[in-house]
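Coordinate analysis (summary)
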Number of protein chains: 2
Amino acid sequence: MQLTQFTDLSLRLLIYLARLPEPGLATIAEIADYHQISRNHLVKVANSLANEGFIMTTRGKGGGIQLARPAYAIGLGEVVRRTEQNMNLVECFDIPNNHCRLIRNCFLKATLYEAQRAFMSVLDKYTLADAASVGGNNGIFDKHAEIPIDSNKLLVVE
Amino acid sequence: MQLTQFTDLSLRLLIYLARLPEPGLATIAEIADYHQISRNHLVKVANSLANEGFIMTTRGKGGGIQLARPAYAIGLGEVVRRTEQNMNLVECFDIPNNHCRLIRNCFLKATLYEAQRAFMSVLDKYTLADAASVGGNNGIFDKHAEIPIDSNKLLVVE
DNA sequence: AATAAGATGCATTTAAGATGAATCTTTTAA
DNA sequence: TTAAAAGATTCATCTTAAATGCATCTTATT
């Protein structure tokens, strides 16, 4: 049960942009450097985000990428749904290619659907503004924090 | 966002066993034939389920596999948790191998945890007895049924 | 022009997962 | 006590999605 790195990077890129001061413009190279990942890969991530309408791109000198909408108007569920290629939890979710003989009366399938909807519902509660926020989420985060939160390191852009 | 086929087959195998009449014994070969899948693969699935305590195996002539506990005592969440190898939704869930610089203050990570917990909570509501049940789940299933339910085909074991 | 940026297409690599084959062990029954 | 039926184990191979890299193209600015 994993999301692709592609989706992970999509979210990280959006968070990076959302945390920038006005006008929120950055180059792909800058973000790739920040996260120490392949520029090639991130170019494709940026492309996909642009095609899905999450970011705008500006070519040429002085260009770069920026959010196409305010961060509070970008739902996390929306990003995942449009970025993650394969949302077929199990074979039978992909009806044309299903081979499972249980298909006609499978309580399990219904249950897995329900679980997936519950998953997405949580993401749908939050926006990129939440994901990019730096304060106010300690209560939530603390439950899972493996490293004590250091308020001096709360900004992505250093 | 997918579960492995390994997990899918684990669940299918358990459902098969749960639907058998007493004493609920079947051979791996029989189940592999039923689902038209590799016996080798299913052997490994059965092995894993035996190691996790979900089924008992009996070697030798007349042997086979059967549930180690009653179906109502086998939680679906438990099965998925013990069967799915990698539950690290994104890189940063795997703390030793994480490289994401956002780790210290990532609202996103907390959100993804919350989403994953919501997913598992749904599975934890149900047991193998539910998954194997043949009647009474139409209301739930109907919402997602792409094929009209045919009550003559409701039994796995034909 | 020259340079800086993103866009695109193709090729390659990688790793997880799936599959296959061979052999071993246990148990039953003839 | 041997043969056959069943699961257990190990190793090797295949497959495929995802990731990565490279080359080239397009657009925009100076």
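Residues numbered from 1 in each chain as written. Chains lettered and ligands numbered in written order. Predicted model: local features only at pLDDT ≥ 70, side-chain atom pairs only at ≥ 80, totals over all residues. Heavy atoms only, no water.

As for the confidence of the model for chain A
Chain-level statistics for chain A give a pLDDT mean of 86 and a share of 84% at 70 or above. Confidence over residues 136–158 of chain A falls short of pLDDT 50; this stretch has 40 contacts with residues more than four positions distant or in other chains. (pLDDT = per-residue confidence, 0-100. Contact = heavy atoms within 4.5 Å.)

Some remarks on the layout of surface pockets
Residue and element names in this part refer to chain B. Here the largest pocket defines a volume of roughly 220 Å³. Surrounding the largest pocket, 13 residues form its lining, Ile28, Thr57, Thr58, Gly64 and Ile65 being those nearest its centre. Secondary-structure elements contributing two or more residues to the lining of the largest pocket are α3 (39–51), β1 (55–58) and β2 (64–67). Here the lining of the largest pocket takes four residues from α3, the largest share from any one element. Tallied by class, residues from the lining of the largest pocket come to five nonpolar, seven polar and one charged. (1 Å grid on protein atoms, 1.4 Å probe; cavity = no way out; pocket = protein on both sides within 12 Å on 5 of 7 lines; lining within 4 Å. Points joined across faces, edges and corners; volume = space filled by probe spheres on them. Helix = DSSP H or I, 4+ residues; strand = E, 2+ residues; numbered from the N terminus. Nonpolar A, V, L, I, M, F, W, Y, C, P; charged D, E, K, R; others polar.)

Here we look at the pairing of strand β1 (residues 55–58) of chain A
Residue and element names in this part refer to chain A. As judged from the four bridges shared by β1 and strand β2 (residues 64–67), these two strands associate in the antiparallel manner. From the neighbouring strand, Thr57 faces β2, where its bridge partner is Ile65. As consecutive antiparallel partners, β1 and β2 are separated by five residues, and within that stretch Gly60 has a phi angle of approximately 80°, a positive value. (Pairing = 2+ DSSP bridges.)

A few points about the protein's contact with DNA strand C
In the region of DNA strand C, 22 residues are neighbours, and A:Asn47, A:Arg59, B:Gln5, B:Lys44 and B:Arg59 sit closest. Within 4 Å of the protein, the atoms of DNA strand C are drawn from sugar and phosphate moieties in a proportion of 71%. Here B:Phe6 contributes a backbone N or O atom positioned 3.4 Å from a phosphate oxygen of DNA strand C. B:Lys44 places a polar side-chain atom, nitrogen or oxygen, 2.4 Å from a base oxygen of DNA strand C. Considering only residue class, the surface near DNA strand C consists of three nonpolar, 13 polar and six charged. (Near = heavy atom within 4 Å. Polar contact = N/O pair within 3.5 Å; in protein donor to acceptor, adjacent residues only side chain to side chain.)

Re the protein's contact with DNA strand D
Surveying the vicinity of DNA strand D reveals 24 residues, the closest of which are A:Gln5, A:Lys44, A:Arg59, B:Asn47 and B:Arg59. Expressed as a percentage, the sugar and phosphate content of the atoms of DNA strand D within 4 Å of the protein is 73%. One nitrogen or oxygen atom from the main chain of A:Gln5 is found 2.4 Å from a phosphate oxygen belonging to DNA strand D. A:Phe6 places a main-chain nitrogen or oxygen 3.4 Å from a phosphate oxygen of DNA strand D. By residue class, the composition of the surface near DNA strand D is four nonpolar, 14 polar and six charged.

What about the packing of aromatic side chains?
This structure, assessed with the given rule, holds six aromatic pairs over all chains. Note on A:Phe93 and A:Tyr113: the rings are 4.2 Å apart at their centroids and 15° apart in plane angle, and the pair reads as stacked. Of this pair, A:Phe93 sits in the loop between α4 (76–83) and α5 (107–124) while A:Tyr113 sits in helix α5, and the two are 20 residues apart along the sequence. Each of the two residues, A:Phe93 as well as A:Tyr113, counts as buried. Ring centres of A:Phe107 and B:Tyr126 lie 5.3 Å apart, and the angle between their planes is 80°; this geometry places the pair in the edge-to-face category. Remark: B:Tyr126 occurs in the loop between α5 (107–124) and α6 (128–132) and A:Phe107 occurs in helix α5; the pair is interchain, linking two chains. Comparing A:Phe107 with B:Tyr126, the two get one shared label, buried. (Phe/Tyr/Trp six-rings, centres within 6.5 Å; stacked < 30°, edge-to-face > 60°. Buried < 20%, exposed > 50% of the residue type's maximum accessible area, 1.4 Å probe, protein only.)

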